[in-house]
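What follows is each chain in one-letter form.
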Amino acid sequence: MASVTYENVTKRFAGDTVAVHDLSLQVKDTEFMVLVGPSGCGKSTALRMLAGLEDITEGEIKIGDRIVNDVPPRDRDIAMVFQSYALYPHMSVYDNMAFGLKMRGTDRSEIDRRVRDAARILELDPLLKRKPRQLSGGQRQRVALGRAIVREPQVFLLDEPLSNLDAKLRVQTRIELQKQHRALHATFIYVTHDQVEAMTMGDRIAVMKDGILQQVAPPREIYDHPANIYVAGFIGSPTMNFVPVTVHEKAAKASGFEIELPRAVNVEKGILGIRPEALTERPREGHPGLELKVEVVEVLGSDQFLYGTCGSDTMTARVEPQMKVEVGDRVRLGIDPRQFHLFDVETEKALL
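As the structure is a computational prediction, the values presented were derived from the model and not from experiment.

Student: For this particular structure, what's the right way to read the pairing of strand S6 (residues 78-81)?
Tutor: Successive side chains on a regular strand alternate, one facing one side of the sheet and the next facing the other. By the alternation rule, side chains of S6 split into Ile 78 and Met 80 and Ala 79 and Val 81, which are all buried. As paired elements, S6 and strand S7 (residues 155-159) share 4 bridges and run parallel to each other. If you follow Ala 79 over to S7, its bridge partner there is Phe 156.

Quick look at the structure:
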């Protein structure tokens, strides 16, 4: 297998539109790296440059120790699963999955083994004789995924491969992809806008915005220690609460509450970030917490979300579903002192 390295890679399109700006990223051998961000953030362009489908304006991309800027896509030993299906309409599912191996001259028995193993994983066994026009969108996406799996390349490139699957199959395929990654000991680079996919699948996550890499870290670190307001707001559902505060020594004061900081920071104003689950049902002793005026209550089985206001700020709390709350109630909530963040107003970077 192989590592992948982006070294100061930039991609400009006509009209000086910068899709990717000065991207430097090291993907380790056999790592499952997830590029995550909203539409237009540059994540798919970064993947397409690695695949050889987009030219690089500046910088270098390496697969292993080999610079591949000018290497044709077919010679990069990668397999890509596109957001679109890109299936051959005149071929059966079996032949679509086997086509790349046949072109490489792989032994017929080995082709059959790989195709049937992939079909079993993706629940395509009953569909192997069908043509793409006889399949649903989700089934076509699974065929495209299977076609990549059977090639056993050095690097798998996956561009939102689960986007057309229903919820149940999406979870199942997500799990199977992780199993396949471990079994193949291959390098996976996976593009998605779905933070759940990013958090559950990636060994590390690379968060992008407007073509610029914001933070690269394991999922838990991204969640617990976001580098800036953008990362903090993008990862986590419901999103983090952001509250303007004035800062004096080790105290941060919002419109409806005050909280003690773990250490003094050299700013007068900041943005306090509190995740919904950091607002607890019981205030801690010595910490008054805050009072939330409840405007909406959502009970989702194992979770209950309270949406309301504290002073002039809108806030969301995630509490136990057994907690009895009605719209219009004023509830006193604690703030877990280990789970809040402070960001600079100007740079939006984390201060704690």
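Student: How should I be thinking about the packing of helix H3 (residues 108-121) against helix H4 (residues 137-151) in this particular structure?
Tutor: Close contact between H3 and H4 brings their axes to 9 Å; oriented N to C, the two are set at 135°. Comparing the axis directions of H3 and H4 gives the class oblique. Where H3 crosses over H4, the two elements pack in a sense that is right-handed. Contacts from Arg 114, Val 115 and Ala 118 of H3 reach H4 at Gly 146, Ile 149, Val 150 and Arg 151. Classifying every residue of the contact of H3 with H4 gives 4 nonpolar, 1 polar and 2 charged.

Student: How should the sheet that holds strand S9 (residues 204-209) be read in this particular structure?
Tutor: Strand order in the open sheet formed by 6 strands is S6-S7-S8-S3-S9-S10, and the pairing between neighbours is mixed. With partners counted over all chains shown, the strands left at the sheet margins are S6 and strand S10 (212-217), one partner each. With strand direction ignored, the average angle separating the axes of adjacent strands in the sheet is 15°. Of the strand pairs in this sheet, S9 and S10 are connected by 5 bridges, and their pairing is antiparallel. By the bridge assignment for S10, Ala 206 is matched with Val 216. The strands touched by helix H5 (residues 167-184) within the sheet are strand S3 (32-36), S7 and strand S8 (187-192), with S8 carrying the most contacts at an inclination of about 155°.

Student: Mind showing me how you'd approach the pattern of salt bridges here?
Tutor: Oppositely charged side chains are able to pair whenever their charged atoms sit close together. Tallied over the full model, the rule gives 17 salt bridges. Here Asp 112 ties to Arg 116 by a salt bridge, and the two come within 3.0 Å at their closest N and O atoms. Taken together, the residues span about one helical turn, with Asp 112 and Arg 116 both in helix H3 at a distance of 4 residues. On the accessibility criterion, Asp 112 (27% relative accessible area) is partly exposed. Given the relative accessible area of 42%, Arg 116 is considered partly exposed.

Student: Would you explain the nonpolar core in this entry?
Tutor: One broad rule of soluble globular proteins: the nonpolar side chains tend to lie buried together. Judged by nonpolar contacts, the single largest core of 49 residues is most densely connected at Met 97, Val 115, Leu 158, Leu 177 and Tyr 190. Looking at this core element by element, the count peaks at 6 residues for H4. By size, the runner-up hydrophobic cluster in this structure holds 29 residues, among which are Val 265, Val 267, Leu 279 and Leu 333.

Student: Quick question: what am I supposed to make of the layout of surface pockets here?
Tutor: Over the atoms, a rolling probe the size of a water molecule traces out where space has been left empty. In this structure, the largest pocket occupies an estimated 500 Å³ of space. Along the walls of the largest pocket sit 18 residues, with Ile 78, Met 80, Phe 82, Arg 147 and Arg 151 positioned nearest its centre. The set of elements that each furnish at least two residues to the lining of the largest pocket consists of S6, helix H2 (93-103) and H4. If one sorts the elements of the lining of the largest pocket by residue count, H4 sits on top with 4 residues. Here the residues of the lining of the largest pocket sort into 13 nonpolar, 1 polar and 4 charged. In this structure, the second largest pocket spans a volume of roughly 240 Å³. Taken together, the elements giving at least two residues each to the lining of the second largest pocket come down to helix H7 (219-224) and strand S20 (340-344). Top element by residues in the lining of the second largest pocket is H7. It accounts for 3 residues. Considering only residue class, the lining of the second largest pocket consists of 7 nonpolar, 3 polar and 5 charged.

Student: I tried to follow the pairing of strand S18 (residues 313-319) on my own but got confused; where do I start?
Tutor: Most of S18 sits out of view: 5 of its 7 residues are buried. As paired elements, strand S17 (residues 303-310) and S18 share 7 bridges and run antiparallel to each other. In the strand pairing of S18, Leu 306 is matched with Ala 317. The loop that links S17 with its antiparallel partner S18 comprises 2 residues; one of these, Gly 311, has a positive phi angle of about 65°.

Definitions and cut-offs
- Residues numbered from 1 in each chain as written.
- Predicted model: local features only at pLDDT ≥ 70, side-chain atom pairs only at ≥ 80, totals over all residues.
- Heavy atoms only, no water.
- Buried < 20%, exposed > 50% of the residue type's maximum accessible area, 1.4 Å probe, protein only.
- Helix = DSSP H or I, 4+ residues; strand = E, 2+ residues; numbered from the N terminus.
- Pairing = 2+ DSSP bridges.
- Axes fitted to C-alpha atoms, helices over the stretch in contact; angles between N-to-C directions.
- Parallel < 35°, antiparallel > 145°, perpendicular 65-115°, else oblique.
- Left-handed = near helix turned anticlockwise from the far one by under 90°.
- Contact = heavy atoms within 4.5 Å.
- Nonpolar A, V, L, I, M, F, W, Y, C, P; charged D, E, K, R; others polar.
- Salt bridge = Lys/Arg side-chain N within 4 Å of Asp/Glu carboxyl O.
- Core = buried A, V, L, I, M, F, W, Y, C linked by side-chain atoms within 4.5 Å.
- 1 Å grid on protein atoms, 1.4 Å probe; cavity = no way out; pocket = protein on both sides within 12 Å on 5 of 7 lines; lining within 4 Å.
- Points joined across faces, edges and corners; volume = space filled by probe spheres on them.

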